[in-house]
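Letter by letter, the chains look like this.
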Amino acid sequence: MIIISQPKLEVRENEVLVSSCIEDDKKHFRETIFYKTSATYRPYVVTEKADLFVLSALMPALFSQSDIRVEGTLSSDLKYALENGLIYILAKTYGVRPIKVHAERIETFEFGGKAVGAGCSMGVDSLATIKQHYIDDNRYGHKITHLAIFNTCEFGFEDANEANKLFRYEYSRAAAFARETGLELLYVQSNVTSLLNRYGTGLYDTCTLVHAAAFLFLEKLYAVYYHSSGYLLDKLKYTTQSLEHFDFILFDMCSTRNTKIFSTLATQERTDRTEYIIDDTLTKKYLHVCIKTIDDGPVHNCGRCYKCLRTLAAIDILGKLPEYETIFDQSYYKTHKAAIFAKYLGSRAADPFFADILNFAKQKGFRIPKMAYLLSVKYYLLLPAYMLGRELPNPRM
């Protein structure tokens, strides 16, 4: 049994922290898990119910086949979702027995938050969501009011110091972006990865539920939260590769009567999203897709990691490389273009992002280097290994 205590509020200097003691009587440990943000948002954090901690512990409970007992209050919204689909879908996907969630009290809450939030990682998806729901004409009645950066599981599981370093870097860039757009920026930090590591639950096993927990930490603030979907609706599938493949369904189940979580951009390919933001002045200044840890500066995309390369490919197809020389190191891409496209050609059946780039190139009449077709044989032969989860080698000439 995993036991979750009623959340407690604590103010430490300029931060407000909500914590719960989580105990596992099988593994014989107790640990205090917290979510925290700036003390400015103290009126908006939720201590009345343990929903965010139940979501945080849900995958560990399924992995360990342990029921959950809340020694406190669970909302009627989450209780219904857990018993009418959420646990069932996750258990079926991972091939485990459904668990039970018990609580001392089940209550209904009406908070009345009015803010509209969105993430501010400044990747393609993030900027496309901000452009659609803030910069462009507002067609939906929910215009973004607050941007957010989360340090819950996004910056790594193993090295907390490295995660904090990356968080500080991302937050400083997001703060500059927020100032330029006139939007408020907030952050949420948590030590939840300490709990997740005990059960061997990785980023892709938990990311969607932990994100939902972070949104509901500020349920009194948000009426709506826009989360950028990584995959198209017609590619939705229940898979252990990542909860992101069906986050459209999971976020709907994690929504409450107070906070509706929308999975945005689920009808647009990544290349379509890139084209949507490509001419925007803020994109040319702030676009950041790089997964490498690098120092801040104008050239803040390494141009070598897989995210940089696929983004540069889309920018190249659109004929916009010169306009992005100040924020991308393009030297590697330009000298290895044939090898990069060879990887996409030879592996398109295994990776939807590769297929998207090639379809986009065909649609735009982009000329793929002839050498790429010859080199693609290498990746085609390696495809069975890639389908088994092994990493393909980096492009070389």
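Residues numbered from 1 in each chain as written. Predicted model: local features only at pLDDT ≥ 70, side-chain atom pairs only at ≥ 80, totals over all residues. Heavy atoms only, no water.

## Description of the overall build of the chain
Short version of the rule: Secondary structure elements are defined from DSSP: runs of H or I of at least 4 residues count as helices, runs of E of at least 2 residues count as strands, and each element is numbered from the N terminus. Only C-alpha atoms enter the radius of gyration; for comparison, a globular chain is expected to reach 2.2 Å times N to the power 0.38, where N is the number of residues. The buried label applies to any residue whose accessible area, calculated with a 1.4 Å probe on protein chains only, is under 20% of its type's maximum; exposed applies above 50%, and partly exposed to all values in between. Residues count as neighbours in contact if any of their non-hydrogen atoms are within 4.5 Å of one another.
Across its full length, the chain holds 14 helices and 11 strands. Its C-alpha radius of gyration of 22 Å places the chain within 12% of the 21 Å reference for a compact globule of 397 residues. Each of the three principal axes of the chain carries a C-alpha extent, and together these read 65 × 45 × 40 Å. When the 397 residues of the chain are sorted by exposure, 58% land in the buried category. At a minimum sequence separation of 6, the contacts of the chain that also span at least 24 residues come to 72%.

## A short note on helix α3 (residues 124-135)
With 10 of 12 residues buried, α3 lies mostly within the body of the structure. For α3, the complete set of buried residues consists of V124, D125, S126, L127, A128, T129, I130, K131, Q132 and H133.

## Some words on empty space enclosed by the protein
Worth spelling out the cut-off: With a 1 Å grid laid over protein atoms only, a set of points is called a cavity when a 1.4 Å probe fits there but cannot get out and a pocket when it is open yet has protein on both sides within 12 Å along at least five of seven lines; lining residues have an atom within 4 Å of a point. Grid points are joined across faces, edges and corners, and a volume is the space filled by probe spheres set on the points. Nonpolar residues are Ala, Val, Leu, Ile, Met, Phe, Trp, Tyr, Cys and Pro. Charged residues are Asp, Glu, Lys and Arg, and all others, Gly as well, are polar.
Per the counting criterion, the structure on display carries two cavities of 30 Å³ or more. In this structure, the largest cavity occupies an estimated 50 Å³ of space. The residue makeup of the lining of the largest cavity, split by class, is six nonpolar, three polar and two charged. Roughly 40 Å³ of internal volume is contained in the second largest cavity.

## Comments concerning the packing of aromatic side chains
Formally: Any pair of Phe, Tyr and Trp rings, taking the six-membered ring for Trp, is counted once the centres come within 6.5 Å. Such a pair is stacked with planes under 30 degrees apart, edge-to-face with planes over 60 apart, and tilted for the rest. Working rule: Lys NZ or Arg CZ, within 6 Å of ring centre, within 35 degrees of ring normal, means a charge sits over the ring.
Under the counting rule described, the total for this entry stands at 21 aromatic pairs. Ring geometry for Y171 against Y187: centres 5.9 Å apart, planes inclined by 90 degrees, an arrangement best described as edge-to-face. You can see Y171 sitting in helix α4 (residues 160-181) and its partner Y187 sitting in strand β9 (residues 184-190), a full 16 residues away along the chain. Residue classification places Y187 among the buried residues on the basis of a relative accessible area of 12%. Relative to F251, the ring of F215 lies with its centre 6.0 Å away and its plane at 40 degrees, an arrangement referred to as tilted. In this pair, F215 sits in helix α6 (residues 203-217) while F251 sits in helix α7 (residues 247-254), placing the two residues 36 residues apart along the sequence. Judged by its relative accessible area of 1%, F215 falls in the buried class. Residue class for F251 comes out buried when judged on its relative accessible area of 0%. Ring-pair connections join several aromatic residues into one group, and the members of that group are F150, F215, Y222, Y225 and F251. Its end group placed over the ring of Y199, K27 keeps NZ or CZ at 5.0 Å from the ring centre.

Read these as spatial facts, not as claims about activity.
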